[in-house]
Amino acid sequence: MAKIIVITSGKGGVGKTTTSAAIGTGLALRGFKTVIVDFDVGLRNLDLIMGCERRVVYDFVNLINGDSNLNQTLIKDKRSDNLYILPASQTRDKDALTQDGVEKVLEELKLTFDYIVCDSPAGIEKGAHLAMYFADEAIVVTNPEVSSVRDSDRMLGLLSSKSRRAESGERIKEHLLLTRYNPVRADLGEMLTVSDVEDILSIPLLGVIPESQAVLKASNQGVPVIMDELSDAGQAYGDAVDRLLGETIPHRFLEAQKKSLLQRLFGGR
Amino acid sequence: MTAESHSDKLDTDLAFNLKGGMLTMTVIELVRQEPERFARQLAEKVRQAPNFFKDTPVVFSLDKLSDELDATTLAHLLQICRDSGMQPMALRGSEAFRPLAQHCGLVLMLPGRVRDKSGEGERRGAAGPKKPEAVRRETPVAAAPAPVAAEGIPSKVITQPVRSGQQVYARGGDLVVLASVSPGSELLADGNIHVYGPLRGRALAGVRGNTEARIFCQSLEAELVSIAGQYKVAEDLRRHLWKEATQISLDGDSLKIVPL
Ligand SMILES: Nc1ncnc2c1ncn2[C@@H]1O[C@H](COP(=O)(O)OP(=O)(O)O)[C@@H](O)[C@H]1O
Ligand SMILES: [Mg+2]
């Protein structure tokens, strides 16, 4: 049975697209046929992060309008045979997506894919609503700051009342993904800690992705950071995918790196 | 969370009406835990007034019980009640009984929530001379202003977190929230409000002017609390019993906040 997973947050710039690329790629690398759908009409950048921007011909809106078919529109990833990208339209505005149109496309994708990962735009308006409406599971991406947590809380309220599952008395399975986490700053009280965020949102923690140089480097190269298996962020995303698939793995990168004796003797941060 | 409790959607076509009313409940105040004796004495009462017990909602009160009650004994006692046609709804007792209540699938009512009217039940002849397990009738405090008699208003019970941007209103009765109440959300009730997770949003009890309404919460971290229009905001609340289990009531013109 195909599963629709929405990557959502309310707030912009928290790491939804980075996460969609990483989780989608991780699922594909583990053998699941996966498509990542960019719902951010007008602000398309999933294809940049996936490094396939030069191969975009048709987009989500063309597909909905019947200008193109699925085969013509889906972009196959170069790294994995299991992975496809459905790019957003760069030129159209967000009203070009309709609920019926989205449903039709998702139903068609369900026939061939195991996982449909929906990269939501920011906000709680139409685009974000359409991205989450048909979801079976939701990964709520949150940064360790009060405004981001508040927006995620609001999104959780919408998931539990305004989604198709909610309307038919079912629940969307919710996961919390805390990204851009900096344990040093959390210890200093400059950011919320993992337990602060868990306490406020009270949903299961899928993973904690550290603030990492590797993310910027990966996105500049058009390679999802999960492919950088030596990096902290890549490993943290890998763990998150395994947890999504039901494994129980301890959380990593939650603590500030202990200073060595030499570092302590010679000061500095 | 259901769609009707959400403020984002303006839904004017009513799918139901909430009616005000008073709900009378029988309280079984347990004095000793001897299932055999309990069953025997209860059977005797049922024999005296069979209709009185049929489908009667009952609250199991543990206030008078001095020794510890285990889940097996309680389950046994509840089964005896059910076999006699009663419907156990809630457990009344201190916070310590919460696990027990949950285990038996009952709502926990903290003491003080209901006012006893013990004399009355006896006058109705349902009970003879006082027996160890006295069966008495009493009326919940949550009497709504609407005078629709005997048409019980079930409390509105919310089991999922109330999230930022959501609003829940218990018209005509009490609101019970078993999960957390986030900042940016709002609880409204004509009667009392009970919150068993942290209360971090707004809570307005007695919104149609019931000055007897109260707010009970496990952890007071609210943005605002109000009873019948008298309110306090977080800035004031922070000074006293912040993050503590509290009971908030109206004392004249001001809010009284005391530990639970
Ligand atoms: N773990 C991280 N460490 C450092 N930078 C990150 C991390 N996650 C995301 N970013 C950066 O944050 C910015 C916003 O990320 P993006 O995934 O586009 O967010 P959204 O899709 O939610 O708007 C990008 O510049 C991205 O490189
Ligand atoms: Mg994005």
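This text goes with the structure placed above it.
Given the structure is predicted, the values throughout are model-derived calculations rather than measurements. (Residues numbered from 1 in each chain as written. Chains lettered and ligands numbered in written order. Predicted model: local features only at pLDDT ≥ 70, side-chain atom pairs only at ≥ 80, totals over all residues. Heavy atoms only, no water.)

Peer 1: How do you make sense of the overall build of chain B when you look at a structure like this?
Peer 2: The helix and strand tally for chain B stands at six helices and 17 strands. For chain B, buried positions account for 51% of its 260 residues. Residue pairs at least 24 apart in sequence account for 45% of intrachain contacts in chain B once pairs closer than 6 positions are excluded. For chain B, the exposed surface amounts to about 12500 Å²; the carbon and sulfur share of it is 50%. (Helix = DSSP H or I, 4+ residues; strand = E, 2+ residues; numbered from the N terminus. Buried < 20%, exposed > 50% of the residue type's maximum accessible area, 1.4 Å probe, protein only. Contact = heavy atoms within 4.5 Å. Areas by Shrake-Rupley, 256 points an atom, 1.4 Å probe, with all protein chains shown as cover.)

Peer 1: Looking at this model, I keep getting lost on the sheet that holds strand S5 (residues 115-119) of chain A. Mind explaining?
Peer 2: Within a sheet, adjacent strands bond to each other through the backbone by hydrogen bonds, running parallel or antiparallel. All names here are of chain A. Spatially, eight strands are ordered S3-S4-S2-S5-S1-S6-S7-S8 in an open sheet, and the strand pairing comes out mixed. In the strand order of this sheet, the two ends are held by strand S3 (75-76) and strand S8 (205-210), each with one partner. Sheet topology note: the strand S7 (residues 173-181)/S8 ladder contains four bridges and is parallel. When the bridges of S8 are listed, leucine 178 appears paired with valine 208. Contacts from helix H7 (residues 146-159) reach strand S1 (3-8), strand S6 (137-142) and S7, with the element oriented near 165° to S6. Along the sheet face, helix H10 (residues 194-201) touches S6, S7 and S8 and points at about 150° away from the line of S7. (Pairing = 2+ DSSP bridges. Axes fitted to C-alpha atoms, helices over the stretch in contact; angles between N-to-C directions.)

Peer 1: How should the pairing of strand S2 (residues 57-61) of chain B be read in this particular structure?
Peer 2: Every other side chain in a regular strand lies on the same face of the sheet, so the side chains alternate between the two faces. All names here are of chain B. In terms of burial, S2 is a largely internal element, four of the five residues being buried. Note: S2 against strand S3 (residues 87-92), five bridges, orientation parallel. Within S3, the position partnered with valine 59 by the bridge is alanine 90.

Peer 1: Can you walk me through the site of ligand 1 in this structure?
Peer 2: Residues and elements named next belong to chain A. Taken together, 13 residues are adjacent to ligand 1, and Gly13, Lys16, Thr17, Thr18 and Arg180 come closest. For ligand 1, an oxygen atom lies 2.8 Å from a polar atom in the side chain of threonine 17. A distance of 2.6 Å is found between an oxygen atom of ligand 1 and a side-chain nitrogen or oxygen belonging to threonine 18. Only helix H1 (16-29) and S8 provide two or more residues apiece to the shell around ligand 1. Per element, the largest residue contribution to the shell around ligand 1 is three residues, and it comes from H1. Grouping the constituent residues of the shell around ligand 1 by class yields four nonpolar, six polar and three charged. (Near = heavy atom within 4 Å. Polar contact = N/O pair within 3.5 Å; in protein donor to acceptor, adjacent residues only side chain to side chain. Nonpolar A, V, L, I, M, F, W, Y, C, P; charged D, E, K, R; others polar.)

Peer 1: I'm lost on the interface of chain A and chain B in this one. Help?
Peer 2: Residue-level contacts link 16 residues of chain A with 17 residues of chain B. In this assembly, chain A packs against chain B so that about 1300 Å² is buried in total across both faces, 39% of it on carbon and sulfur atoms. Taken together, the connections running from chain A to chain B amount to three salt bridges. A salt bridge links B:Glu223 to A:Arg150; the nearest nitrogen and oxygen atoms lie 3.9 Å apart. (Buried area = accessible area lost by both parts, 1.4 Å probe. Salt bridge = Lys/Arg side-chain N within 4 Å of Asp/Glu carboxyl O.)

Peer 1: Explain the side chain of A:Ser212 here, please?
Peer 2: Along the chain, the position of A:Ser212 falls in the loop between S8 and helix H11 (213-221). Among the polar contacts made by the side chain of A:Ser212, one reaches the main-chain amide nitrogen of A:Ala214 at a distance of 3.0 Å.

Peer 1: Explain the packing of aromatic side chains here, please?
Peer 2: A ring pair, where both rings are aromatic, is described by two values, the distance of the centres and the angle of the planes. Taken as a whole, this structure holds five aromatic pairs over all chains when the rule is applied. Residue placement shows A:Lys33 over the ring face of A:Phe113; its charged tip is 5.1 Å from the ring centre. (Phe/Tyr/Trp six-rings, centres within 6.5 Å; stacked < 30°, edge-to-face > 60°. Lys NZ or Arg CZ within 6 Å of the ring centre and 35° of its normal.)

Peer 1: Would you take a moment to explain the environment of A:Thr34 for this structure?
Peer 2: Residues and elements named next belong to chain A. You can see threonine 34 is positioned in strand S2 (residues 34-38). Taking the C-alpha atoms as reference points, threonine 34 and glycine 24, ten residues apart in sequence, are found 6.4 Å from one another. Here threonine 34 is in contact with Gly24, Leu27, Ala28, Asn82, Leu83, Tyr84, Phe113, Tyr115 and Val117, once residues within four sequence places are set aside.

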